[in-house]
Amino acid sequence: MKLLIKLVISIIFLLVISISILAITLVNFDPNNYKDTIITKVKEETGRDLIINGDINLTLYPWLGINLEGIQLSNNSSFDNTPFLETKNIKARAKLLPLLRKELEMDTLVLHGVKLNLVRNKKGDNNWNDLVSYEEKKQDTNKNLPFAALILGGIDIKDASIQWRDMQQGTQYKITHTNINTGELKLGEPIDITAKSRITATSPAVSSNFQFKGTLSYEDKGGVLLVKPILLEADVRGKKIPGGETQLKLNSEVKINFDEDITKIDSFDLVAFDTNIRGQAEITNLFAGTPKFTSKLSANGKDLPQLFKIAEIEPLASDLSKLSDKNFNLSLMFGADIKNQELSINELGLDVFGNKISLEAYARSLKSKTPAARGKLKASGPDLPSLIKVALQFTKKNKKDLSKIAKQLTIIPGSFNIEAVFDIDPKAGVADITSLAIDALGTSISGELRGKNIQKRSGSMQGSISVTSKAPKTLLTIFGQGDIAEVLKSFNINTKISGNGSGINLEPIALNAVLSGKNIPNSPVQLNINSNSVINFKKDTLKLNTLQINGLGLDVAGNLSVTSFRENPGYKGQITVAPFDLQALLKTLNKKPISTSDANVLKQVAVKTDFSGSTTSLSMKKINLELDQTKIQGDLLVKNFSPFAAGFALGIDEINVDRYLPKNDTSKPVTPETIAIGAAANMPMQQLQALNIKGDLAIGQLVISKAVLSDIELSINTEKGFMQSGSIKCSGFGT
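This text gives an overview of the structure that appears in the document. Just so you know, these numbers come straight off a predicted model, no measurement behind them. (Residues numbered from 1 in each chain as written. Predicted model: local features only at pLDDT ≥ 70, side-chain atom pairs only at ≥ 80, totals over all residues. Heavy atoms only, no water.)

Structural notes on the packing of aromatic side chains
- Following the criterion strictly, the structure yields three aromatic pairs and no others.
- Ring geometry for Trp-128 against Trp-164: centres 5.9 Å apart, planes inclined by 55°, an arrangement best described as tilted. With Trp-128 in the loop between β7 (115–120) and α4 (134–142) and Trp-164 in strand β9 (residues 155–166), the pair connects residues that are 36 residues apart, well separated along the chain.
- Given a relative accessible area of 10%, Trp-128 falls into the buried group.
- Taking the relative accessible area as the measure of exposure, Trp-164 reaches 22% and is therefore partly exposed.
- A ring pair is formed by Phe-258 and Phe-287, whose centres lie 5.6 Å apart and whose planes are at 25°; its orientation type is stacked. Separated by 29 residues along the polypeptide, Phe-258 in the loop between β15 (245–257) and β16 (262–272) and Phe-287 in the loop between β17 (275–284) and β18 (292–301) bring together distant segments of the chain. (Phe/Tyr/Trp six-rings, centres within 6.5 Å; stacked < 30°, edge-to-face > 60°. Helix = DSSP H or I, 4+ residues; strand = E, 2+ residues; numbered from the N terminus. Buried < 20%, exposed > 50% of the residue type's maximum accessible area, 1.4 Å probe, protein only.)

Listed below in structure tokens is the structure:
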């Protein structure tokens, strides 16, 4: 409709030019003498160049008329040199005497060879907004015709064309060979309209020849426009269309009340591609720029994947074409208020791929910081993967990612059931989820939430949520955790929810997992994780208190505090890991153990440290690390992850590096000289310089290649791209 209005305004713009020409030439018998004046005036008003290649012919009596030939209007200066508008011939005339009685009696309006070039560039700017302002459009569309009577001999449009190029989307549409003819128009009497045209599109790649028939009439002194009936038939051709061609038929009725700014589509019936769409709609405040919609729509078809294929939506179309059930049926009643950002779905029923979805919902303040929504949702069926594929197709993922996800979805259990009743309104302090039950992907989720006056300190929110899976293998495999999927047999997460608009407490968060496998001693074994979580929205903080992990040979305790978690998070905390067998843990998680020359190492690992940092840095202080018989203490600071900059001060009591080398390492015994030379020769100097590392390392005793070194002190500094070994001391050497 917006495009139609803009086209009408463009034609009115031409008529305004014509009237300007008429006003100038009333006193002069040869209007061609004023071409330069007209061209200059258009340049001043629009910034565009007007070219008049033909003659300007004027008649005064009994017909006041004008005939223009060879008109061309240049494009917006920000676009290419293709003319915005071209016409071969414009002819319009009205009887002079009836004009004095405020009666407009016109002969046939002739528009031959009109070419309109519409473009939107990559920035989203179009090439016509500079011609027509919003206020001008508003005034033009809300005024009645200023005549007591109107008679138009007809409209004769021949060989008109419109080209629309959307550089943002990389698409192009052309309407060519357009011919429109009407009978005589008299105010209050119907007028027949016939039209023929050809349409071609690049995406989807289709072409069509269509014929249009309709009857148009004005009522209430031009304040009401009625088009009834609207009949359109088209032959649509394209490589993706079965058989290469299909028929399209449309029947409709439209009524536009300009005074009240109400547009009604009383009936809409479209049949195409084995699909039938029916509906009706009412739009208010359309011309004011703040439209409100109410609509009732139904659609059903035999082959939804085929529609996706015609629209070139891949790889979705190819994936879904393998389904046995391709039917779909949609019923929808909805209303929308653009100005108030409201959407009301009174009824939505969708049957597709054997799945059934129903929804009743109301949402408001959709673009605000506090959107609100309430409604009921029910969805169930045998084929959840196909619905996920449809949803993912309309995200910004590329085709390669979509194909990968589609492959993973083939192993998902198809059946699902979802039920939810919700009422969320942060501004009013309401947060109610009276019912939540999800059974999908081998996982069950249930819960409830009741919140009242949550925007106030006196408000309250209480609820709980439970997530259970007795067969998580499929879900973990989809997320790339195939190794863990082989041993994790079930898990359960439970938490209690409390709080208000200022914050939420999740106390406790409890996870219980069961693992079993041939590499897990005494399987099945349990892993338990417990913690209390506090989220403060006003302070933008998150605290994870009394974190405890028990099971699989692990005993972990710690805490975490996060600030500014929504925008620029910073964190600090403490963690303690009691001694555990690292190699056994890797086997339990179905991971490959670390290859070492001594099978008895990595059997006892423990760590305790304080930590803090942000998205770009990490600090670990008071590090106490036990690696079998080795004890490591000190501090580590990563100033920046990219570019990498770090500092450290570490002390190691004793370590036998030979025990941790890979199996079958055949390093020869070394002397102090070969150690020094080898260290210098094998240091990755370029990489170390790029890392920007500065630190001190002290080792009481080091065994490497069967050589024993004692009391080692090493300083490293790679700041500013230079590698400096400040001092290397070694007070003892032996074998």
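The rest of the description comes next.
Points about helix α7 (residues 384–393)
- In terms of burial, α7 is largely enclosed, as seven of its 10 residues are buried.
- Of all the positions in α7, only Leu-384, Pro-385, Ser-386, Leu-387, Lys-389, Leu-392 and Gln-393 are classed as buried.

Quick look at the side chain of Thr-541
- Checked against the element boundaries, Thr-541 lands in strand β30 (residues 541–551).
- A relative accessible area of 19% means that Thr-541 is categorised as buried.
- Beyond its immediate stretch of four places on either side in the chain, Thr-541 contacts Val-534, Ile-535, Asn-536, Val-562, Thr-563 and Phe-565. (Contact = heavy atoms within 4.5 Å.)

Overview of the nonpolar core
- Ranked by size, the top nonpolar core spans 24 residues in total, and within it Phe-212, Leu-216, Leu-225, Leu-232, Ala-234, Leu-248 and Ile-256 carry the most contacts.
- Elements with a minimum of two residues in this core: β12 (191–202), β13 (205–219), β14 (224–237), β15 and β16.
- No other element matches β14, which puts six residues into this core.
- With 22 residues, the next largest nonpolar core counts Val-467, Val-487, Ala-513 and Leu-527 among its residues. (Core = buried A, V, L, I, M, F, W, Y, C linked by side-chain atoms within 4.5 Å.)

Quick notes on the environment of Phe-334
- Of note, Phe-334 is situated in strand β19 (residues 328–337).
- With 37 residues separating them along the chain, Phe-334 and Leu-297 place their C-alpha atoms 8.7 Å apart.
- Excluding its chain neighbours within four sequence positions, the residues that come into contact with Phe-334 are Phe-293, Thr-294, Ser-295, Leu-343, Ser-344, Ile-345 and Asn-346.

Some remarks on the pattern of salt bridges
- Within this structure, the stated rule accounts for 13 salt bridges.
- Lys-264 is paired through a salt bridge with Glu-282; the nearest N and O atoms lie 3.9 Å apart. Taken as a pair, Lys-264 in strand β16 and Glu-282 in strand β17 lie far apart in primary sequence, 18 residues in all.
- Classification of Glu-282 as partly exposed rests on a relative accessible area of 29%.
- Arg-364 serves as the salt-bridge partner of Asp-425, at 2.5 Å between the closest nitrogen and oxygen. Taken together, the residues span a long stretch of sequence, with Asp-425 in strand β23 (residues 416–425) and Arg-364 in strand β21 (residues 355–364) at a distance of 61 residues.
- Take Asp-425: its relative accessible area is 11%, and that puts it in the buried class. (Salt bridge = Lys/Arg side-chain N within 4 Å of Asp/Glu carboxyl O.)

Details of unusual backbone geometry
- Note the cis peptide between Glu-507 and Pro-508, where omega equals -15°.
- For Pro-508, the location among the structural elements is in strand β28 (residues 503–515).
- With an omega of -5°, the peptide bond between Ser-642 and Pro-643 qualifies as cis.
- Its location among the elements puts Pro-643 in the loop between β35 (630–641) and β36 (644–656).
- Unlike most non-glycine residues, Leu-552 shows phi in positive territory, near 60°.
- Considering the arrangement of structural elements, one finds Leu-552 in the loop between β30 and β31 (554–563).
- Of the residues examined, Leu-552 reaches a relative accessible area of 17% and is grouped as buried.
- Unusually for a residue other than glycine, Ser-705 sits at a positive phi of about 50°.
- For Ser-705, the position within the fold is in the loop between β37 (693–704) and β38 (707–717).

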